[in-house]
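In case you want the letters, here they are:
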Amino acid sequence: MRVRLCSLLILASALVSAGQAQNPPEKQPVVKFADGGADASGVGLMDSIFIPPKAGAPFDLKLGAEWSRAMANGGSFTLVNERRIVRDSRGRIYQERFTLVPKGGDLQPQMTVFQITDPDQHTWYNCAPYNKVCDLRSYRLSTTMHFQPQLETSGALPDGKGYRQDDDLGEGSQHGLGTHGYREVYSFNPGAMGNDKEMTITREFWFSPQLGINLSSLVDNPQTGKQIFTVKELSTSEPDPSMFEVPADYRVIDRRPAEASPAGPHP
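Residues numbered from 1 in each chain as written. Predicted model: local features only at pLDDT ≥ 70, side-chain atom pairs only at ≥ 80, totals over all residues. Heavy atoms only, no water.

**Things to note about the overall build of the protein**
Scanning the protein for helices and strands turns up 1 helix and 16 strands. By residue count, 39% of the 267 residues in the protein fall in the buried class. (Helix = DSSP H or I, 4+ residues; strand = E, 2+ residues; numbered from the N terminus. Buried < 20%, exposed > 50% of the residue type's maximum accessible area, 1.4 Å probe, protein only.)

**What to know about the state of the cysteines**
The term disulfide refers to a covalent linkage connecting the sulfur atoms of a pair of cysteines. Scanning all chains against the criterion turns up 1 disulfide. With a sulfur-sulfur separation of 2.1 Å, Cys127 is cross-linked through a disulfide to Cys134. Handedness of the Cys127-Cys134 disulfide follows from its S-S torsion of about 110°: it is right-handed. Comparing Cys127 with Cys134 shows no difference in burial state: the two are buried. (Disulfide = S-S within 2.5 Å.)

**Brief notes about the environment of Thr202**
The topology assignment puts Thr202 in strand E13 (residues 199-208). Since its relative accessible area comes to 19%, Thr202 is described here as buried. Sequence-wise, Thr202 and Val219 are 17 residues apart; in three dimensions their C-alpha atoms are separated by 5.9 Å. Contact partners of Thr202, with chain neighbours within four places excluded, come to Arg183, Glu184, Val185, Leu218, Val219 and Asp220. (Contact = heavy atoms within 4.5 Å.)

**Section: the side chain of Thr179**
Positionally, Thr179 belongs in strand E12 (residues 177-188). A relative accessible area of 1% places Thr179 in the buried class. Polar contacts involving the side chain of Thr179 include one to the main-chain amide nitrogen of Ser173, which spans 3.4 Å. With residues up to four places along the chain from it excluded, the contact list for Thr179 reads Gly170, Glu171, Gly172, Ser173, Gln174, Trp206, Phe207, Ser208, Pro209 and Leu215. (Polar contact = N/O pair within 3.5 Å; in protein donor to acceptor, adjacent residues only side chain to side chain.)

**Quick word on the pairing of strand E7 (residues 123-128)**
Summarising burial for E7: 5 of the 6 residues are buried, a large majority. Taken together, the 5 bridges between strand E6 (residues 111-118) and E7 define a ladder with antiparallel strand orientation. Note on E7: the bridge partner recorded for Thr117 is Trp124. Hairpin connection between E6 and E7: a loop of 4 residues separates the two successive antiparallel strands, and His122 in this loop has a positive phi of roughly 60°. Pairing geometry for E7 and strand E8 (residues 133-138), over 6 bridges, is antiparallel. From the neighbouring strand, Asn126 faces E8, where its bridge partner is Asp135. Between E7 and E8, which follow one another and run antiparallel, lie 4 residues, and Lys132 among them has a positive phi close to 55°. (Pairing = 2+ DSSP bridges.)

Below is the structure:
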């Protein structure tokens, strides 16, 4: 009887293993991101740090940005702003967008829009304070996705264009949170990118695994200038839920395609 019982246990274990082999767990989609750059609008707008809809990692922070570009006489001019970004444990995000103003000047940044995204409802509200109108669009990211910084490996670039050097800067700490630093340097040979001399692009950032964002980030690219993003204030407490509600005195215009509107299925 004992031998028979052992045989049954072995058979049951084999059936479970076979079932697991036939039905492997679904893999989470991986989304790789990089900070900075300039958008494709052609009006000189700067891209900022990437904020994923990560669940279970709330925060409320103030982000400072500096954007320096070269002048023909060898000097540079720098634009700056600060803005608030908030995320709750459900992955909902509220963030403000401000104008960039000359560093050290008299002008003060002005809010141009605030945005509210909800990964569960697939909604993305872009709200303009000047006319109190919110455009509602579809939000495609979700908390089931796995977000990670875009990292490469050192080596030659294709077609002999140059070389990429990637360095692991090790562990660090900012605002009481552990971070991991990385540096990526692209060296392009003359002619590879329309450059008549060797051109170097540097990206360095300190990533917080707990929050899934970069707490500091630098992008130095001759094509777009030097951009520095720094988290200046940070709280990891759960934010007020009202932060993720459209104000009652704002008008909402649904810009989503018909299939993504309330009359049809969400994406």
